[in-house]
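Remarks on the overall topology
One-letter residues, chain by chain:
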Protein chains: 2
Amino acid sequence: MSVTTKATIASFGGKLLKLSHAATSTGCEMSFNLYLPPQAVQNSSQKVPVLIYLSGLTCTADNCSEKGFFQQGASKKGIAVLYPDTSPRGLDIPGENDAWDFGTGAGFYVDATKEPYKGGYNMYTYVTEELPKTVFAAFPQLDESRVSITGHSMGGHGALTLFLRNPGKYKSVSAFAPISNPINCPWGQKAFGGYFGEDQTKWKEHDATELVKQWKGSLPVLIDVGTGDNFYKQGQLLPEHFEKAATEAGVEGLQVRYQADYDHSYYTIATFSDDHIEHAAQYLFA
Amino acid sequence: MSVTTKATIASFGGKLLKLSHAATSTGCEMSFNLYLPPQAVQNSSQKVPVLIYLSGLTCTADNCSEKGFFQQGASKKGIAVLYPDTSPRGLDIPGENDAWDFGTGAGFYVDATKEPYKGGYNMYTYVTEELPKTVFAAFPQLDESRVSITGHSMGGHGALTLFLRNPGKYKSVSAFAPISNPINCPWGQKAFGGYFGEDQTKWKEHDATELVKQWKGSLPVLIDVGTGDNFYKQGQLLPEHFEKAATEAGVEGLQVRYQADYDHSYYTIATFSDDHIEHAAQYLFA
């Protein structure tokens, strides 16, 4: 449970910590970043809530820390931001480094059931259980009763599915350019085939569009998708499938914004990060 | 004078353009970035002012575009941001790629007088004359009568010296962690020795601390230096020399802020970029 601090960086009045720990769920040392807003750095009896940001394919915890600009809004609101890594690293599984959209950097926030990924590629358990447990033990100034989740692309898939699979666990959810229907897009089919094998019932358990069909009540999710996003145009994201499934299931409260010309990059995340912080804050400080 | 557009990226309601042009002053194709705020993208009869951001050692125009977070404030205020490169590229001068603090990526915003850098390493002329001329010709929505300048580290040196050598050319100046007295620090001595040779009178013409001794009137410059900046601690920046010289010369208006714990990275620039946009806006919209 002990956490190693690799760097402490001043940012927007708070501290960005580069951390790592020996994770049992993934069987390796896992790096992650944690932004502590000023309110969590100063001595205070008031605990701060946490926003988990799940990154997309190929990313580490650093990409969004450097380019996503969540720190500014998080500093103003008094929200900590937790940036997990996107997969185990260095397990030396044959083939895990062969592609940028599968294996290393592409854990898809699922627990693999197929060999050779079974055993180590447990990013679902890691992000929903082990990492928060570790972080809340190490940082008592964080409030484990107030956690929201967001993410980008593969991480947007992660945010939506972790939220939908765990009612009540997260106060709110939002996503940037999420892979919204992985069972029907090339990225998702490759990942789920590789991590789960051919059993499609397992695939559906981690597909936001399938999951929202079972959702009861309102779902106040904020989703931004850029119309200039090549992966959107190629049918990797399919946010319309998610919207349609939600509408047909009578789920209300979705806010899907199609942002003219915006692409799949961190420039888009930076532009709208304040809106996603604001969205989370509504629920974290309700 | 023609400009090639390599990419157009939506950012904070405006467009970040990745551009290049065949530069005569450096004898090579030069890349640069230009952020057009919404006010300059929409059809408007109102021209927008320009803030030039000069990057530090090893950087291209991309680093600050991705991590510096100027676009947010520039979008709000209606200021274009021009990001030049830091040196000529690909001149094939023997030795120019041997070190990270000299040659490629380290032009120091001077016109070299020593062989083999003489002829191509003319970043002073490039940034003060050729690039603005090219940009204002290509983008008539920019107001060439309202230009401010800022920069980081080597680029902070560039901002201060270009401002001090050209009274009236720029409406305002600011800097992050500037190399403030290059003739007395290892980076500056290496660069000036390599670009100018041993004649120290030439060195002094490009040293902010020497130049400020001759300044008449007030100098409303904003400088941020992090106390956790290793290069500051190693004596590469020497902002105190600049402050002392200004004070002894009776120059008023300097605002040098020592920011506790902040380092030399883009996290620091991102944190304080809004303040530098605000500083420039005071003069650009005066």
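Every value quoted in this text rests on a predicted model; they were computed, and no experiment measured them.

Rules used in this analysis
Residues numbered from 1 in each chain as written. Chains lettered and ligands numbered in written order. Predicted model: local features only at pLDDT ≥ 70, side-chain atom pairs only at ≥ 80, totals over all residues. Heavy atoms only, no water. Helix = DSSP H or I, 4+ residues; strand = E, 2+ residues; numbered from the N terminus. Rg over C-alpha atoms; globule rule 2.2 N^0.38 Å. Buried < 20%, exposed > 50% of the residue type's maximum accessible area, 1.4 Å probe, protein only. Contact = heavy atoms within 4.5 Å. Buried area = accessible area lost by both parts, 1.4 Å probe. Salt bridge = Lys/Arg side-chain N within 4 Å of Asp/Glu carboxyl O. Polar contact = N/O pair within 3.5 Å; in protein donor to acceptor, adjacent residues only side chain to side chain. Axes fitted to C-alpha atoms, helices over the stretch in contact; angles between N-to-C directions. Parallel < 35°, antiparallel > 145°, perpendicular 65-115°, else oblique. Left-handed = near helix turned anticlockwise from the far one by under 90°. Nonpolar A, V, L, I, M, F, W, Y, C, P; charged D, E, K, R; others polar. pLDDT = per-residue confidence, 0-100. Least-squares fit on C-alpha atoms with pLDDT ≥ 70 in both. Pairing = 2+ DSSP bridges. Phe/Tyr/Trp six-rings, centres within 6.5 Å; stacked < 30°, edge-to-face > 60°. Lys NZ or Arg CZ within 6 Å of the ring centre and 35° of its normal.

**A closer look at the overall build of chain A**
Summing up its helical and strand segments, chain A has 11 helices and 9 strands in all. Here the C-alpha radius of gyration of chain A, 18 Å, is about what a compact globule of 286 residues would show, namely 19 Å. With respect to the three principal axes, the spread of C-alpha positions in chain A is 50 × 40 × 35 Å. Put simply, chain A has 286 residues, and 62% of those count as buried.

**Some details on the interface of chain B and chain A**
Contacts between the two partners involve 23 residues from chain B, matched on the other side by 22 residues from chain A. Between chain B and chain A, the buried area comes to about 1,900 Å², and carbon and sulfur atoms account for 57% of it. Of all residues in chain B, Glu-66, Phe-69 and Tyr-267 of chain B bury the most surface against chain A, accounting for 34% of the area lost on that side. At the surface where chain B touches chain A, the tally comes to 4 salt bridges. Across the salt bridge formed by Asp-261 of chain A and Lys-15 of chain B, the nearest N and O atoms sit 2.9 Å from each other. Taken together, chain B and chain A are joined by 9 residue pairs in polar contact (both at pLDDT 80 or more). Broken down by element, the side of chain B that touches chain A gets its largest block of residues, 4 residues, from helix 11 (residues 266–284) of chain B.

**Re the packing of helix 3 (residues 70–77) of chain A against helix 11 (residues 266–284) of chain A**
All names here are of chain A. One way to put it is that helix 3 packs onto helix 11 with a least axis distance of 8 Å and a crossing angle of 30°. When the axes of helix 3 and helix 11 are compared, the pair comes out roughly parallel. Considering only the axes of helix 3 and helix 11, their crossing is right-handed. For the pair helix 3 and helix 11, contact is made by Phe-70, Gln-72, Gly-73, Ala-74 and Lys-77 and by Ile-269, Ser-273, Asp-274, His-276, Ile-277, Glu-278 and Ala-281, respectively. Residue composition of the contact of helix 3 with helix 11, grouped by class: 5 nonpolar, 4 polar and 3 charged.

**A short note on the confidence of the model for chain A**
In this model, chain A carries a mean pLDDT of 97, and residues with pLDDT of at least 70 account for 100%. The complex prediction reports pTM at 0.96, with the ipTM value standing at 0.94.

**Some details on the relation of the copies chain B and chain A**
Both copies of the chain are placed relative to one another by a rotation about an axis and a shift along it. Taken as rigid bodies, chain B and chain A are interconverted by a rotation of 180° and an axial shift of 0.0 Å, the fit giving an RMSD of 0.0 Å. What we have between these two chains is a two-fold relation. Of every C-alpha in chain B, the one belonging to Lys-67 of chain B sits nearest the axis of rotation, 2.6 Å from it. Counting the interface residues of chain B, we find that 96% of their copies in chain A are interface residues as well, pointing to one common contact surface.

**Looking at the pairing of strand 1 (residues 4–11) of chain B**
All names here are of chain B. Where strand 1 lies against strand 2 (residues 14–23), 7 bridges are found, and the strand directions are antiparallel. Residue pairing in the sheet places Ile-9 in a bridge with Leu-16 of strand 2. The loop that links strand 1 with its antiparallel partner strand 2 comprises 2 residues; one of these, Phe-12, has a positive phi angle of about 50°.

**Some details on the packing of aromatic side chains**
Within the structure shown, the criterion is met by 35 aromatic pairs over all chains. Look at Tyr-121 of chain A and Tyr-195 of chain A: their rings are 5.6 Å apart centre to centre, the planes differ by 25°, and that puts the pair in the stacked class. Of this pair, Tyr-121 of chain A sits in the loop between strand 5 (80–84) and helix 4 (123–138) while Tyr-195 of chain A sits in helix 6 (residues 186–196), placing them 74 residues apart in sequence. Accessibility assignment for this pair places Tyr-121 of chain A and Tyr-195 of chain A in one class, buried. Members of the aromatic cluster, each reached through a chain of ring pairs, are Phe-12 and Phe-69 of chain A together with Phe-12 and Phe-69 of chain B. For Arg-165 of chain A, the ring lying beneath its charged end belongs to Tyr-124 of chain A, and the centroid distance is 4.5 Å.

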